[in-house]
Structures are given as C-alpha cells and as structure tokens.
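Here are the chains, one letter per residue:
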Amino acid sequence: ENTSTGTMDSAIIKYVQEWKWEAQTETTQRATKRAILDLLGCAVAGCRHNTIPSVVQSIEKIDGKGASCVWGTSITMDMKGAVFLNAYTGALFDMDDGHRRAQGHPGAVIVPAVLTVGAAIGATGIEVLEAVAVGYDVAVREAVRIREAGGPRKGSSGWCAPGAAIAVGKLLKLTDEQMTHALGLAEYFTPQAGQDRSVAYPSMAKEGIPWGAYTGSFCAHLAAGGFTGHRPHLADAHELCADLGKRIEVESAYYKKWAACRWAHPALDGLSRWKKESGKGIAGVKHVKIESFEKALGLSNRKPTSTLQAVYSIPFSLAYFLKHGQIEPEDLLDEEAMVRDPEILDMAQRIDMEEKPSYTAEFPLRCIQDLTVTLHDDSVWTMESLESPGDPGERAFTDDEMVTKFNTLAKPVLGCKCKAAVDAVETLDTMQDVNELVKLLTVSLE
C-alpha cells in the first residue's frame, strides 16, 4: 500500500495494464473491431448535421485551432475539441451502440477519446484496440457500481468518462499509480448527466457523451503529468471485478438498426414485420398500442419540435416509420419535414403506451414490448415479446449487416473511401500508425 497517494494494488488496474490483444479470443477481437466500425459510421453520418459549424466555432473560441481531425470533415481542431466533436457526432443520430447491463452508450464516449488521442500520438492499431476493449470493461462496471450505490440514474457520460480515462491512460502507457489517479480523477470529475432528465428533455447534450469523452481523456493527461485523485471506488469493488477477463463487456454491446432511442426498437421491429407481411402503411392504421417496460413510457412526446426530440419519442418514431418504413440519419437532416408532417403528428396521437410489469422486471437486461395494430376496418394484428434486432446473441447482426450499416451511414460523406475504411478497421491490428485509418475519414465537404 502507498498511503501517501492513497493508491494500492487493485484488480482493475492490474487487469487493464496486463490486457494484451494477442492473448484474446477471436470473439473478443471481432467484437472490438465492430465496436470501432459502428461508431465511425455513426460519427461520419453525424458530421452532416446543421449544428456542427456552431459547435466548432464555440470550441475554437475556448481551445483554439489544432491538428486533430473531426471525422467526416476537413476540419482540424485542438485535440480536446476534436475528442468532443467526434463524440458529439457519434451520438447525434442515436444510432451508436449500447450496453444493456450499463443502460447506455459506451462506444460514443470511448472510441472517439481513444482514436482521436491515438492519432495525435501516432499509436499503433493494436494499442487502439487494446485501449477500446479495456475502456468498455471499466465503463460498464462503473455503471453497475453507480446504479447499485443508489441515487439518480446517470446517463452514459456519468459512467463512461472513467472508461475513457482508463482507455486513454493505456494509450499513454501510464504507470500503475498514474492509472489509478486517472480513474480516481474521472470518477470525481465525471458529469452528473441525469439520465431521466436527459430523456425527458432531449437536447444536444446527448447524455453528456461529448463531455464524458473530453473529461476522460483530460483526466488521463492530468494523471500523466502528476495530478492526483482519490482512490477509485472501482478499486474496492471486489465482487464487481471478480469476473474480469471472464466477462468481456465489448462482446455484449448491442447495435442499432434505426435512428431512434433503443427503447423504441422492439416495437419498430414489430412494425417492420407487419408492414412487410401486410403491405400496408400509415393510411390503414387506426390505432397502435405498445405494452412495455416502465422506463419507455417516459419517451412519449407526441409533438417534437426538433429531430433531437423526435428520436427520443416512441409514438413519433413509430408514426414516422409507419409512413416511411425507415428512420435513417438522412431523414433527420431535414428537420422541418420530419417534425411538421401533419399525417405523422396525427398518427402519433393514436399511439398509446402502457406498462407491463413483467417486462419492467426484466429491464435493463432485456427490453421487451408487445405491439397491437388496429386497422380502420377494426381488424387487429398483435405480436408479443418483441425484442430489438442487433442485441448480442441470437439477434446479433452479422458481419455483412454491420458493413451494410456502415456504408449506409458513411457513403454520403466518404463515397468510394468506404471500402478502404472498412478494410482498415478489419486489419487494424496490423496498422503501425492509426493515422492511416483517420486519413480515410477526413474529407472536404465542399
């Protein structure tokens, strides 16, 4: 024990420091690469949003200009600003990955922090892959620790910032003592990010995801320079850390098919099947009822005034899908058209939700919904026990489906570079400098 700094050996620090890519299973390696590919597609798509120029200007006033790339653009910024922007664009359209056990979105915090810092220091592909994987392991355990401690639920950044700090710390090759301080600092400085408030009032803050990436990377750099923090709570969470190395959290990430909150996806999957089987759309529907876990009932804004609000509304998302059969980033770019369509707004008023206690009992490890569609002729179609496509296990996307999603998101920006970007992620463990990948994500939008 070192009582002068409050640090001592801990399972979590030892695990992170000893984690090696070549020692991992093919399953873990594949899962880590798909987490990176998915977030890159989301971020490149997000760079097209009309808020990007104003966010860039605001951050440049604080941090100035720099040489770090904002993916999907020709913009370069100070490293901290680029971390923030790449996390912001990654979460913007709500298509980024998530994790049931953690109740949030690790990829949009961890991947931007790691790859942006990695490019700035010329890290190898293996160093980036190792950092991302351990970042997930720490972040998800922080989420469970915080939830078990009680109090208001924290959004993604509230537990992801420590994961980002550990991930960037591994990139920076921090000592055990420095790594302990990085984790302690991130636990202390992590955003409050009240999740229920964030869901009730959606905004550009996106569960604090951009600030979580910024904070985590900042804490790692502080620790590298000798800045000290308290002993991390996670260092004493012995039971929670007992399965380190046995439970690899990046393997349990889920991936999204539609640009909407994950809590809408079981019902969206049911609607997708109904539309395919019936050939019908919004004009034939009289009423829709969703029976769901309790938390989903909070996403009930039937008259969103922005696309950021729209993706957090289950009735609106279902109404939009009934008319268009999709919810893609492309749809969210024209805010006026999306949120002011009278037919969709009328349909959203006729979509009701009610709690099913047995489904609430399964949450968050499972998100289950029943869907009942009543047509104008009073015929009824019902599907029970719906869960989301893209969940780990039997509903997981195939590698081809992951590539298709990436191409759908990235092709409007990267064009013919998409295949090279996919190939670069697939062979990341042979890459000597991750700037080879980052260069493929840098384009001129003019």
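Moving on: the packing of aromatic side chains. Tallying each qualifying case throughout the model produces 9 aromatic pairs. Plain terms: the ring middles of Tyr214 and Phe218 are 6.3 Å apart, the flat faces sit at 25° to each other, and that makes the pair stacked. Taken together, the residues span about one helical turn, with Tyr214 and Phe218 both in helix α10 (residues 209–224) at a distance of 4 residues. In this structure Phe218 comes out as partly exposed when scored by relative accessible area, which is 38%.

This next bit is on the confidence of the model for the protein chain. Averaged over the protein chain, the pLDDT score is 95; the fraction of residues at 70 or greater is 98%. Throughout residues 1–7 the model reports pLDDT below 50, and contacts reaching past four residues in sequence, or to other chains, amount to 12 contacts.

This next bit is on the packing of helix α5 (residues 107–121) against helix α6 (residues 125–149). Put simply, α5 and α6 touch, their axes get as near as 10 Å, and they point 150° apart. When you trace α5 past α6, the crossing you get is right-handed. Here Gly107, Ile110, Val111, Val114 and Leu115 of α5 come into contact with α6, specifically with Val128, Ala131, Val132, Gly135, Tyr136 and Ala139.

Moving on, we come to the nonpolar core. Core analysis: the largest hydrophobic core is formed by 91 residues, its most contacted members being Ile36, Leu40, Val128, Phe406 and Leu414. A total of 13 residues in this core trace back to one element, the largest contributor, which is α6. Leaving out residues up to four positions away in the same chain, Phe406 has contacts with Leu37, Leu40, Gly41, Lys411, Leu414, Cys418, Ala421 and Val422. Among the nonpolar cores identified, the runner-up in size contains 52 residues, and Trp263, Ala267, Ile282 and Phe363 belong to it.

Within a sheet, neighbouring strands are paired by backbone hydrogen bonds and run either parallel or antiparallel to one another. Pairing within the open sheet is mixed, and its 4 strands lie in the order β6-β5-β7-β8. What marks the edges here is a single partner per strand, and that holds for β6 (351–355) and β8 (380–386). If you compare each strand with its neighbour and ignore which way they point, the axes differ by 15° on average. Where strand β5 (residues 285–292) and strand β7 (residues 369–375) come together, 7 bridges link them in antiparallel fashion. Each bridged residue has a counterpart across the sheet, and for Val285 the counterpart in β7 is Leu375.

Helix length check: α5 (15 residues) gives 21 Å between terminal C-alpha atoms against 21 Å at 1.5 Å per residue, within 8%. Note on α5: the residue one or two positions beyond its end, Gly122, has a positive phi of about 70°.

Next up on the list: the packing of helix α1 (residues 11–18) against helix α8 (residues 176–189). Where α1 meets α8, the closest approach of the two axes is 10 Å, and the angle between their N-to-C directions is 115°. Handedness of the α1/α8 crossing: right-handed. Taking contact as the criterion, the partners of Ile12, Ile13, Val16 and Gln17 in α1 are, on α8, Asp176, Met179, Thr180 and Leu183. Split by residue class, the contact of α1 with α8 holds 5 nonpolar, 2 polar and 1 charged.

A contiguous nonpolar surface patch, about 360 Å² in accessible area, is contributed by Tyr188, Phe189 and Phe227. Residue placement: Phe227 occurs in the loop between α10 and β4 (253–254).

Here we come to unusual backbone geometry. Of note, the amide linkage connecting Phe363 to Pro364 takes the cis form, showing an omega dihedral of 10°. Following the sequence through the fold, Pro364 ends up in the loop between α17 (357–362) and β7. Despite not being glycine, Gln103 shows a phi value in the positive range, around 60°. In this fold, Gln103 is placed in the loop between β3 (98–99) and α5. Although it is not a glycine, Ser385 sits at a positive phi angle of roughly 55°.

Taking 1.5 Å of rise per residue, the 16 residues of α10 would be expected to cover 22 Å, and the 23 Å separating its terminal C-alpha atoms lies within 8% of that figure. Within the sequence span of α10, burial applies to Ile209, Pro210, Gly212, Ala213, Tyr214, Thr215, Gly216, Ser217, Cys219, Ala220 and Ala223. Where α10 is buried, its residues touch α3 (52–63), α4 (79–92), α5, α7 (156–171) and α8. The positive-phi residue at the C-terminal boundary of α10 is Gly226, with phi of around 100°.

Glancing now at the environment of Met402. Here Met402 shows up in helix α18 (residues 399–414). Residues Met402 and Ile166, 236 residues apart in the sequence, show an inter-C-alpha distance of 27 Å. Dropping the residues within four chain positions of it, Met402 is found in contact with Arg34, Leu37, Asp38, Tyr255 and Phe397.

Before going further, it helps to spend a moment on the state of the cysteines. Applying the stated criterion to the full structure yields 0 disulfides. Residue Cys42 stays outside any disulfide, its sulfur separated by 12 Å from that of Cys47, the closest cysteine. Its sulfur unpaired, Cys160 is 14 Å from the next cysteine sulfur, which belongs to Cys219.

The next subject is empty space enclosed by the protein. All told, the structure shown has 3 cavities of 30 Å³ or more when counted by the stated rule. Quantified by volume, the largest cavity comes out at close to 190 Å³. As for the largest cavity, its lining consists of 18 residues, of which Gln103, Gly104, His105, Tyr254 and Trp263 are closest to the centre. Looking at side-chain class alone, the lining of the largest cavity contains 8 nonpolar, 5 polar and 5 charged residues. Counted as a void, the second largest cavity has a volume near 40 Å³.

Quick notes on the rules
Residues numbered from 1 in each chain as written. Predicted model: local features only at pLDDT ≥ 70, side-chain atom pairs only at ≥ 80, totals over all residues. Heavy atoms only, no water. Phe/Tyr/Trp six-rings, centres within 6.5 Å; stacked < 30°, edge-to-face > 60°. Helix = DSSP H or I, 4+ residues; strand = E, 2+ residues; numbered from the N terminus. Buried < 20%, exposed > 50% of the residue type's maximum accessible area, 1.4 Å probe, protein only. pLDDT = per-residue confidence, 0-100. Contact = heavy atoms within 4.5 Å. Axes fitted to C-alpha atoms, helices over the stretch in contact; angles between N-to-C directions. Left-handed = near helix turned anticlockwise from the far one by under 90°. Core = buried A, V, L, I, M, F, W, Y, C linked by side-chain atoms within 4.5 Å. Pairing = 2+ DSSP bridges. Expected span 1.5 Å × (residues − 1). Nonpolar A, V, L, I, M, F, W, Y, C, P; charged D, E, K, R; others polar. Patch = residues over 30% accessible without salt bridge, like charges linked within 9 Å, V, L, I, M, F, W, Y side chains within 5 Å. Areas by Shrake-Rupley, 256 points an atom, 1.4 Å probe, with all protein chains shown as cover. Salt bridge = Lys/Arg side-chain N within 4 Å of Asp/Glu carboxyl O. Disulfide = S-S within 2.5 Å. 1 Å grid on protein atoms, 1.4 Å probe; cavity = no way out; pocket = protein on both sides within 12 Å on 5 of 7 lines; lining within 4 Å. Points joined across faces, edges and corners; volume = space filled by probe spheres on them.

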